[in-house]
Amino acid sequence: MFFCSFTLCVDMAAANYLPSEDQFLCSICLDVFTDPVSTPCGHNFCKNCITQHWNISDRCLCPMCKKVFNTRPELRVNTFISEMVAQFKQSAQQKASSSSSQQQAAKPGEVPCDVCTGTKLKALKSCLVCLASYCETHLEPHLTMSGLKRHQLIDPVENLEDRMCTKHDKPLELFCKTDQTCVCMLCHVSDHKTHDVVPLKEGYEEKKAELGKTEAEIQQMIQKRQLKIQEIKHSVSLSEKDADREIAEGAQVFTALKESVERGLNELIKMIEEKKKTTQKQAEGFIRELEQEISELKKRSTEVEQLSHSEDHLHLLQSVQSLKAPRLSKDWTEVSVCPPSLKGTVVRAVSQLEETLSEQMKKLFEAELKRVQQYAVDVTLDPDTAYPKLILSDDGKQVKYGDVKKNLPDNPERFSRCTCVLAKQSFSSGRFYFEVQVKEKTEWDLGVAKESVDRKGVIKLRPQCGYWTIWLMNGNEYKALAGPPVSLSLKSRPQKVGVFVDYEEGLVSFYDVDAAALIYSFTGCSFTEKLFPYFSPGDNDGGKNSAPLIISPVRVK
């Protein structure tokens, strides 16, 4: 009766409380007891484990407390512990079954559990010691058993066999910095004996630090490209604004021109119609007077005819005096109606329209000049490029021709035979603008030149040779040196010339600053290297061309 009550109490206690797995682990195999037996000293082991341990030992001693038994104890299965182990296994299986039902099966691309049979659950960790991946249920021993807790767990990965040395079938635990490869211990003492070999963790930390630097560099590159995107978007926005402004201004100008044309045509038609009406009115007045005189003459003609048929001598002689030809008020011999003079009317109207167009063009060029002047740059002359007879001011803003050839080093940058000089500043992108005073000069060249132009001997000023320039010769002969040269017809002599370059657009334009007029534009140019502002004051021309070229500060009107 007592035994039954005790057994019932044990069963109830077992049902309500299950010890942890560590209490049912054999200290020899580190697994849950199988046929647990107790030694006289009170420690428990799997029957097979302790039997094999004593079979290979010289003495019978307890693996836990090291107590020596002179004679091998007779071992019997501990039924109480055996029942507790059975209940623990049953509970663990139920728990595992319940946990498995809540876990998800491994999907394509996910690492499956290597222990699951049937449906493979998704692995939570991979063990680098066991070379296996485990789901939540099968990972539990690695989290609870003291022997397995020392194993290295990582996020689940496939092909764990790749972490074994294919030559020695040993774990890849080292990193050879010399060959930049992972090796095992046997590789280290054989093929990599003289190499710089470090533990895998140390190599990992170094590479991780390198990756950190690489990541920082990549982030910097990303940031630069993001800034470039913002710059490009900003450029596109500016381009759109410029385009919208040009369209608005163009529409305004062409609308004004259209209105001017229509107004000029209406005025022309009105003037011609008025002249036509004046002529018609004059002719109608003459016709009325003539018709009135004709009516009176016809009346007198009838009277004369009647009197001429009279046979009364006295009556005819008395009446003939009153029938003399009437005195008319006007001598029609010199009277005429001339067609209105319309010659030159259309020409004068078109000429007036041309003046209106010129005014509109001037306004456009003034607006355009203001826009390009926003890209003004500070330009100074480079003495290392100047022809030896040129005289440069100390501030590098003026250049003129001198009669004495200075003894200067013939460095590669210097022009040896042509009277020209380049600026110190160069440009390989964007837009730039500068102004040069050419007042009181009879000869000069201005423009831009690419860096690689030939500077020795006689040079040819044309785009094919890397020069985009205009020149003045003989005091009044202006040309754009476009190869062949293009003669320029200017309304006035420029006193100050503005030079504007749009590198990406391939545009070089020259302006008469005071007249706010475009002189010439090189379009469709292809720039691939640095561009330098180019200046040539020309020869003295007997003192007529002694004035210097002066780089002037840009003042927006």
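Read on for an overview of the structure. (Residues numbered from 1 in each chain as written. Predicted model: local features only at pLDDT ≥ 70, side-chain atom pairs only at ≥ 80, totals over all residues. Heavy atoms only, no water.)

Quick look at the overall build of the protein
Quick note on the threshold: Labels follow the DSSP assignment, with helices taken as runs of H or I lasting at least four residues and strands as runs of E lasting at least two, numbered in each case from the N terminus. Our radius of gyration looks at C-alpha atoms and nothing else; its globule reference is 2.2 Å times the residue count to the power 0.38. Think of it in three bands: residues with accessible area under 20% of the maximum for their type are buried, residues over 50% are exposed, and the middle band is partly exposed, with areas taken using a 1.4 Å probe on protein chains only. Throughout, a residue-residue contact means that at least one pair of heavy atoms, one from each residue, lies within 4.5 Å. Note on areas: Shrake-Rupley, 1.4 Å probe, and residue coverage restricted to the protein chains presented here. Under the counting rule used here, the positive set is Lys and Arg, the negative set is Asp and Glu, and His together with the chain ends is not counted. By convention, the point assigned to a charge is CZ for Arg, NZ for Lys, CD for Glu and CG for Asp.
Within the protein, the regular secondary structure consists of 9 helices and 23 strands. Its C-alpha radius of gyration of 57 Å places the protein more than 25% over the 24 Å reference for a compact globule of 557 residues. Across its three principal directions, the C-alpha atoms of the protein cover 205 × 90 × 35 Å. Burial analysis of the protein (557 residues in total) assigns 31% to the buried set. The contacts of the protein with a sequence gap of at least 6 include a subset with a gap of at least 24, amounting to 56%. Only carbon and sulfur atoms are counted for the fraction: they give 53% of the accessible area of the protein, which is about 35,900 Å². Taking the average location of the 73 positive side-chain charges in the protein and that of its 77 negative ones, the two points are 3 Å from each other.

Structural notes on the pattern of salt bridges
Defined as follows: Salt bridge, as applied in this entry: a Lys or Arg side-chain nitrogen positioned within 4 Å of an Asp or Glu carboxyl oxygen.
Under the criterion given, the structure shown has 17 salt bridges. The salt bridge involving Asp 242 is made with Arg 245; its shortest N-O contact spans 3.0 Å. Taken together, the residues span about one helical turn, with Asp 242 and Arg 245 both in helix H7 (residues 200–308) at a distance of 3 residues. Owing to a relative accessible area of 26%, Asp 242 belongs among the partly exposed residues under this scheme.

Observations concerning the sheet that holds strand S7 (residues 153–154)
The cut-off we apply is this: At least two DSSP bridges between two strands are required for those strands to pair. A fitted line through C-alpha atoms represents every axis, and for helices the fit uses only the stretch in contact; the resulting angles, taken between N-to-C directions, go from 0 to 180 degrees.
If you trace the 3 strands from one edge of the open sheet to the other, you get S6-S5-S7, paired in antiparallel fashion. For this open sheet the edge positions go to strand S6 (132–134) and S7, each flanked by a neighbour on one side alone. Where strand S5 (residues 125–127) meets S6, 3 bridges bridge the pair, whose relative direction is antiparallel. Bridge pairing in S6 links Cys 127 to Ala 132. Each of S5, S6 and S7 touches helix H4 (residues 136–144); the most contacted strand, S6, lies at about 110 degrees to it.

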